[in-house]
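Residue strings, one per chain:
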Amino acid sequence: MVNKKIVLNVCGVKSLGGLKLFLESFDFFVDSGSEITVLYSELPFYKDLQNQFLDSGLVNFKYINKKRFLHPYLNLFLSREVKEKINSSDAIIHYGNFGFKTKIKSFILIQNVLPLVKKDLRNIILRYFILRSTNLSDYILIQLTHLKDYLPSNDQKKIIEIGEIIEKSVPLSNSNKGIVCFASDIPNKNFEFILKVLKKINSPELVTIINPKEKIKDFKCVTTTNNEETMEVLSQNEIYFHASEFETVGLPLYEAQDLGLKVVAPNNPYTQYFDKDSTFLYKSNDALDAVQTIELASSTKTKNIQALDYSENWGKVLSKI
């Protein structure tokens, strides 16, 4: 196979989920022998990554010092050197929802579904730029099937679904009735609803909240600084409680099940893939139903969890370049 020249545009990508997804694709394309150019705007993460490849000869990093609102129009602000580097490549992959116009084959990754479903002013503006990007691109990358429903019908033929799910059996981690969840100030994560539900359960001392901004009375609150510490806290519990209204994937659900936890989550499109015997679904934003579902999960006896293993197949993308 002829090695490809690929540009990875990760300008604006800085969330933990976004970084994890980028790193998995980056490792794949490097291992494929492709010549990689990374356009980045966030420091210091990408600077640290750059230092690992200083002498490789196959990976080049270009720092783009432009404000986020300019990213859909970066082609108007890039230096001649960077433009020539891009347009002499075989393809460009835009992460983080926004792409800009180029002369080469382009892929746009839908990494945040909220602008496609929320109707407030900010998300309406973001939706415009996302759909502008999908219109400019040759292919649209999504992680799971439910995301197709959020895209216009005339974009369907461009879609490549890179997410893959494999079912497996995992031993139940604990039978201690411990309940664990994540704190978040992002409205979509529904943390106020989580607190409302947890305050209604019979044994609040069994609840662990990961990374709240401040201590919350009646619950155990812990702070973790890396993924390893987070997984250790999760594994000490029996039930993982989730409440997001929308997710592109919902990785914490997969990670919790992989650790052997029972999952309690809303009956929303992103949970349609999970085994109904190991995943306990409640009516979205219904606190009483959520409490009853947690009680059902706690009382259900099982030795194994039918977990889902989620991964991304970047080979599907490489085959199109």
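Heads up: the structure comes first, above all this text.
Residues numbered from 1 in each chain as written. Predicted model: local features only at pLDDT ≥ 70, side-chain atom pairs only at ≥ 80, totals over all residues. Heavy atoms only, no water.

Comments concerning the environment of aspartate 31
Operational definition: Working definition: helices are DSSP H or I runs of at least four residues, strands are E runs of at least two. Numbering for both runs from the N terminus.
With respect to the secondary-structure elements, aspartate 31 resides in helix α1 (residues 16–31). Remark: the alpha-carbon pair of aspartate 31 and threonine 271, spanning 240 residues in sequence, is separated by 32 Å.

Quick notes on the pairing of strand β1 (residues 5–9)
Heads up, the rule is: Burial status follows relative accessibility: with a 1.4 Å probe on protein chains alone, a residue under 20% of its type maximum counts as buried, one over 50% as exposed, and anything between as partly exposed. For two strands to be treated as a pair, DSSP must find at least two bridges joining them. If the strands point away from the viewer and the path from the first strand over the helix to the second runs clockwise, then the crossover is right-handed.
The element β1 is extensively covered by neighbouring structure, given that 4 of its 5 residues are classed as buried. Pairing analysis gives 5 bridges linking β1 to strand β2 (residues 35–40), with the strands arranged parallel. Following the sheet pairing, leucine 8 is matched in β2 by valine 38. Between the parallel pair β1 and β2, the chain is carried across by α1, and the sense of this crossover is right-handed.

Examining the side chain of serine 34
In plain terms, the rule: Two N or O atoms form a polar contact when they lie within 3.5 Å of each other; inside protein one atom must be a possible hydrogen donor and the other a possible acceptor, and for residues adjacent in sequence the pair counts only when both atoms belong to side chains. In this analysis, two residues are considered to be in contact whenever any of their non-hydrogen atoms come within 4.5 Å of each other.
Inspection of the secondary structure puts serine 34 in the loop between α1 and β2. For serine 34, a relative accessible area of 3% corresponds to the buried category. A polar side-chain atom of serine 34 sits 2.8 Å from a polar atom in the side chain of serine 32. Residues contacting serine 34, with those up to four places away along its chain left out, are Lys4, Ile6, Phe29, Leu58 and Leu318.

Focus on helix α9 (residues 287–299)
Note the cut-off: Multiply 1.5 Å by the residue count of a helix minus one, and that product is the helix's expected span. The directions from the helix axis to the C-beta atoms are what the arc is built from.
Between its first and last C-alpha atoms α9 spans 19 Å; for 13 residues at 1.5 Å apiece the expected length is 18 Å, and the two agree. By the burial criterion, the buried members of α9 are Ala287, Ala290, Val291, Thr293, Ile294, Ala297 and Ser298. One side of α9 carries all its buried residues, which in axial view fall inside an arc of 165 degrees. Looking at the buried side of α9, the elements it contacts are β9 (179–182), α6 (191–198), β12 (239–241), β13 (262–266) and β14 (279–282).

Observations concerning the pattern of salt bridges
Note the cut-off: Just to be clear on terms, a salt bridge is a Lys or Arg side-chain nitrogen sitting within 4 Å of an Asp or Glu carboxyl oxygen.
Applying the stated criterion across every chain, the model contains 8 salt bridges. Lysine 118 serves as the salt-bridge partner of glutamate 245, at 3.7 Å between the closest nitrogen and oxygen. Here glutamate 245, found in the loop between β12 and α8 (251–258), pairs with lysine 118, found in the loop between α4 (114–117) and α5 (121–136); they are 127 residues apart in sequence, far enough to count as distant. Residue glutamate 245 is classed as partly exposed on the basis of its relative accessible area, which comes to 22%.

Section: α6
Across the 8 residues of α6, 6 count as buried, placing the element largely inside the fold. Residues of α6 that are buried include every one of Phe191, Phe193, Ile194, Leu195, Val197 and Leu198, and no others. Those residues of α6 hidden inside the fold are in contact with β9, β10 (207–210), β12, β14 and α9.

A look at the sheet that holds β13
Rule in force here: Axis lines are fitted through C-alpha atoms, for helices just across the contact stretch, and the angle between N-to-C directions can take any value from 0 to 180 degrees.
Read across the open sheet, the 6 strands follow the order β11-β10-β9-β12-β13-β14; overall the sheet is parallel. If you trace the sheet from one side to the other, it starts and ends with β11 (220–222) and β14, each paired once. Geometrically, the sheet is characterised by an average inter-axis angle of 25 degrees between neighbouring strands, direction not taken into account. Bridge count between β9 and β12: 2 bridges; the pairing is parallel. Note on β12: the bridge partner recorded for valine 180 is tyrosine 240. Along the sheet face, α6 touches β9, β10, β12 and β14 and points at about 160 degrees away from the line of β9.

Some points on the packing of aromatic side chains
When we look at a pair of aromatic rings, we describe it by the centre distance and by the angle of the planes. The line we're drawing: Between the rings of Phe, Tyr and Trp (Trp by its six-membered ring), a pair exists once the centres lie within 6.5 Å; its type follows the angle of the planes, with under 30 degrees stacked, over 60 edge-to-face, and the other angles tilted.
According to the stated counting rule, one finds 21 aromatic pairs in the structure shown. Seen in terms of ring centroids, phenylalanine 107 and tyrosine 139 are 5.1 Å apart; in terms of plane orientation they differ by 20 degrees. Their pairing is stacked. Of this pair, phenylalanine 107 sits in strand β5 (residues 105–109) while tyrosine 139 sits in strand β6 (residues 139–142), and the two are 32 residues apart along the sequence. Exposure remark for phenylalanine 107: the relative accessible area of 0% places this residue in the buried category. Taken together, the ring pairs in this structure connect Phe22, Phe26, Phe28, Phe29, Tyr40, Phe45, Tyr46, Phe53, Phe61, Tyr63, Tyr95 and Trp314 into an aromatic cluster.

Quick word on the nonpolar core
One recurring pattern in soluble globular proteins is that nonpolar side chains are buried together. So the rule is basically this: The definition of a nonpolar core used throughout is a set of buried Ala, Val, Leu, Ile, Met, Phe, Trp, Tyr and Cys residues joined through side-chain atoms within 4.5 Å.
Counting 29 residues, the largest nonpolar core has Phe26, Phe29 and Tyr95 as the members making the most contacts within it. Every element with two or more residues in this core is listed here: β1, α1, β2, α2 (45–51), β3 (59–63), β4 (91–94), β5 and α10 (315–318). At 5 residues, the largest contribution of residues to this core is made by α1. Those residues in contact with tyrosine 95, other than ones at most four positions away along the chain, are Leu8, Asn9, Val10, Val13, Leu21, Phe22, Ser25, Phe29, Leu109, Gln111 and Trp314. Leu195, Val197, Ile201 and Val291 belong to the second largest nonpolar core, which has 26 residues in total.

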